[in-house]
Structure formats: C-alpha cells, structure tokens
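# Remarks on the overall topology
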Amino acid sequence: MKFGTKAIHAGAHPDPSTGAIMTPIYQTSTYVQEQPGKNKGYGYARGKNPTREALQENIAALENGKYCVCFSSGVAATDAVLKLLKSGDEVIAGNDLYGGTYRLFTKIYESFGIVFHFVDITKPENILPYINSKTKLIWAETPTNPTMQIVDIVECANIAKKNNLLFVVDNTFASPYLQNPLDLGADIVMHSVTKYLGGHSDVVMGALITNRAELHEKIYFILNSSGANPGPMDSFLVLRGIKTLHIRMERHCFNGKLIAEYLNKHPKIEKVYWPGFESHPNHDVAKKQMRGFGGMISIVLKEKSIENTFKVASSFKVFSLAESLGGVESLINHPATMTHAAIPKEEREKSGVVDSLLRLSVGIEDVEDLIADLEQALS
Ligand SMILES: *Cc1c(COP(=O)(O)O)cnc(C)c1O
C-alpha cells in the first residue's frame, strides 16, 4: 500500500462490538478478567490499551517498521532508548540536537555514568575516532534543529553495523512522509509525535519504531516498567491527525519552498538554512534520502543585536511566537532563548545557533498571507 492509504487505514479495525469505523477511545485503566490470569489480552492499561495499539500499528506502517511503542512525550521515547544502556557505556551523538535531548543526555544520564561525545556527524568519518569497546549507540537527528544540516543515514548505518552499535535516528523534522530511516539501515526511529505526526499542536507524545523483535521487546519492557505511557484520548487525537499527514506535508513542502526562496532574496537576511537549496552543503544527501525538503527554515538576521531579533520575533501577525513545530499553523521561534536555552551559549554558537537566528515552522495557511506577514515583520 502507498503512503496516503496507509496513513488513513493502517491500524484501523472496525470496533468488533459495534462496527464503529473510528477506533474508540478506550478510556479505561483496567480490564475485567474471567478468572485470575485469564483475560482478553489486556490486563492493565499502563501496559496495553487498544486505542494506543491502533496508533502504534499505524505509525509502524508509516515508517515501514514492524513494531512501534508510543510514549507520553518525545523526550520519554528518547529516555527509553537511553535505558537500553548501562553505566560506563558510551554514546556518539550529533552536535546539533534538539535542546531537550542534549539536556537529557548531559544533565540526567551523565550522572548515571553514561558518556556522551557530541560530534559533527554530517561528516560520518568524524564518528570513527570516538569508537571504542565501550561505545554502544550512535544518535542522529536529520535534518538537524535548528540549522537544518543533513546527516547521511546510510553512511552512519554502515559505520554502526561494522562496529556492532545501535543506530537511532530522530526523524521528527522530516516525518515519515519525507524520510524512512529504517529503510536506510537505522535500528530505531524516534519521533516526537507532538510535531508533524500529531500535526495540530494539541498533543504531546513520542514513539520508537524498529524492525527487530528483540529490541522491540526491550523497549516495550521499559515502557511498562518505567511507565511513560500516553493516554487513550491523546492516542485518538494522533490517529485522527495522521489521516491527513500526506496532504499536510505536501502543503508544508510547497509553502516552505516558496518562503525559503523569498527569504533568500531578502535584503535584511544574512543566511537562510533550508536543505532544498542547491548551495546547501548537504543538498545531495538530502536529495538522496528525503522525498521533499519540508517546511522548517531558519534565518539569520543581518542586524545582529538581540533587541532587533526580539523586535522582529514579536512583530508577526499570522506566525505565532511559540516553541514547537509541525502543526498546521505557522510558528516562529527564537532558539537561543526558547527551544535551545538549555544548551550553553558557547556550545550552541559553535553549531551556528547565534542570538540573531530565528526558526520558522511554516504551516499550511495560504502562502501569500505568510509572505505578507514576513514582509511586514522584517520591515
Ligand atoms: C520536540 C522534539 C523532541 C522532543 O519531543 P517532545 O514531544 O517535546 O517531548 C525531540 N526531538 C526533536 C527533533 C523535537 O523537535
């Protein structure tokens, strides 16, 4: 089946008791048992809930994966991956990561004795010097947030395989519509479902997808043991959101391209980060592994003062100043003080996250209105 058909039908089984076409919200914490230990496959809802299972089946299908486990947030999904490791293990991660991922790694897991190396993995050969007998995992995000660098998934997967390491890709920015890391050799795909999958800025959720049964068993064990499970109402909302994922992504890509090109010619803008430009340093890799370039764009203003950046960020009428991304509505974000405030200034400036950088999540409104809004805010 092709993508749009899967988005609408995968995981959707008419309710056996009524025939309801939409998966019901099974708002229950427990299930009645016929006799001790004999039930209909459901014991307690931290472990299993039919609404969540329908969603997991759907997301697995979109990522061409066999298994999916959903979590109460993207960060909880990342946390579950780290729980596959033990004290003394080492991780090699990209150096341009979602701020909350960096915070979880350095502020929580470093004190449990896990060692992290943050490396520019847009050049996969940079990974090699950091591999030793304690290395267990490579963590990549692509496109990266917010400077839209592209990591070659196939190259990293080859390095991981040769050295017997787990390779995890945070696929949040691309969404499964634009990129499927499992097909390119990743072991686990992580999503902040909060973003494009949910798509309507009304749910916080995460997911891990894999093709490997033994890895899935471990991930599910961690979900059930650590308890970061999402609720049935949220699962229903995401199932509903995903039905239009392919249509939304087409429009995000269409609007994103026109806006990136408009901004690239704008006299008040020094730099536009968007992987669709031929001049983008990893454009060829993006073309090879992605089916489109998406609606995430970052800009650096020519006038560098923080006062000017704040003034521009606060002048929009259609774009809303907010954290997050991937919803139907356009958002603008100031990473240095918002999403990436947890990263020390020196660290973030090394990866280009300067004070005059603004990140746009281009929504699916009429593009003429979005360009008019950028025009008035920049002037
Ligand atoms: C938002 C985000 C996360 C964290 O997900 P939450 O759902 O907010 O916990 C992780 N990675 C990326 C790329 C994100 O954008």
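Residues numbered from 1 in each chain as written. Predicted model: local features only at pLDDT ≥ 70, side-chain atom pairs only at ≥ 80, totals over all residues. Heavy atoms only, no water.

### So, the state of the cysteines
- This model, assessed by the stated rule, comprises 0 disulfides.
- Looking at the unpaired Cys68, the closest cysteine sulfur is the one in Cys70, lying at 4.1 Å.
- When its relative accessible area of 6% is taken as the criterion, Cys68 is described as buried. (Disulfide = S-S within 2.5 Å. Buried < 20%, exposed > 50% of the residue type's maximum accessible area, 1.4 Å probe, protein only.)

### Topic: the site of the ligand
- The ligand sits among 14 residues. The nearest are Val75, Asp170, Ser192, Thr194 and Lys195.
- Taking Gly74, its main chain carries an N or O atom lying 2.9 Å from an oxygen atom of the ligand.
- Within the side chain of Lys195, an N or O atom sits 2.7 Å from an oxygen atom of the ligand.
- Protein chains bury 93% of the 380 Å² of accessible surface belonging to the ligand in isolation.
- At the level of secondary structure, the elements contributing two or more residues to the shell around the ligand comprise α3 (74–82) and β6 (188–192).
- Broken down by class, the residue content of the shell around the ligand amounts to 6 nonpolar, 5 polar and 3 charged. (Near = heavy atom within 4 Å. Polar contact = N/O pair within 3.5 Å; in protein donor to acceptor, adjacent residues only side chain to side chain. Areas by Shrake-Rupley, 256 points an atom, 1.4 Å probe, with all protein chains shown as cover. Helix = DSSP H or I, 4+ residues; strand = E, 2+ residues; numbered from the N terminus. Nonpolar A, V, L, I, M, F, W, Y, C, P; charged D, E, K, R; others polar.)

### Brief notes about the pattern of salt bridges
- Under the counting rule described, the total for this entry stands at 16 salt bridges.
- The salt bridge involving Lys83 is made with Asp79; its shortest N-O contact spans 2.7 Å.
- You can call Lys83 partly exposed: its relative accessible area is 36%.
- Between Asp366 and Arg251 there is a salt bridge; the shortest N-O distance is 3.3 Å. One end of the pair, Asp366, is in the loop between β12 (357–361) and α13 (367–378); the other, Arg251, is in helix α9 (residues 245–264), with 115 residues separating them in the sequence. (Salt bridge = Lys/Arg side-chain N within 4 Å of Asp/Glu carboxyl O.)

### Describing the domain arrangement of the protein chain
- By domain assignment, the protein chain separates into domain 1 (3–242) and domain 2 (245–378).
- One C-alpha centre belongs to domain 1, the other to domain 2, and the line joining them spans 25 Å.
- Opposite the 43 residues of domain 1 that make contact, domain 2 presents 43 residues.
- Applying the counting criterion to the domain 1 and domain 2 interface returns 1 salt bridge.
- Here Lys288 and Asp152 are joined by a salt bridge, their closest N and O atoms 2.8 Å apart. (Domains from an automatic or database assignment. Contact = heavy atoms within 4.5 Å.)

### So, the packing of helix α2 (residues 50–62) against helix α8 (residues 232–242)
- Packing of α2 against α8 leaves a shortest axis separation of 8 Å and a crossing angle of 35°. As α2 runs across α8, the sense of the crossing is left-handed. Here α2 contributes Thr51, Arg52, Ala54, Leu55, Asn58, Ile59 and Leu62 to the contact with α8, which in turn contributes Pro232, Ser235, Phe236, Val238, Leu239 and Ile242.
- When grouped by side-chain class, the residues that make up the contact of α2 with α8 number 9 nonpolar, 3 polar and 1 charged. (Axes fitted to C-alpha atoms, helices over the stretch in contact; angles between N-to-C directions. Left-handed = near helix turned anticlockwise from the far one by under 90°.)

### Examining the sheet that holds strand β8 (residues 269–273)
- The sheet built from 5 strands is open, its strands ordered β8-β9-β12-β11-β10 with mixed pairing. This sheet does not close on itself; its edge strands, each paired only once, are β8 and β10 (320–321).
- Both strand β11 (residues 331–333) and β12 contribute to a ladder of 3 bridges, which runs antiparallel. Each bridged residue has a counterpart across the sheet, and for Ile332 the counterpart in β12 is Leu360. (Pairing = 2+ DSSP bridges.)

### Quick look at the pairing of strand β1 (residues 67–71)
- A large share of β1 lies buried, amounting to 4 of its 5 residues.
- Strand direction decides the pairing type here: β1 and strand β7 (residues 206–210), joined by 5 bridges, are antiparallel. Along β7, the bridge assignment pairs Val69 with Leu208.

### Some thoughts on the environment of Thr28
- Here Thr28 lies in the loop between α1 (3–9) and α2.
- Under the relative-accessibility criterion, Thr28 is labelled partly exposed at 31%.
- Residues Thr28 and Gly231 lie 203 residues apart in sequence; the distance between their C-alpha atoms is 9.5 Å.
- Those residues within four positions of Thr28 in sequence are excluded, and the remaining contacts are Ala45 and Asn49.

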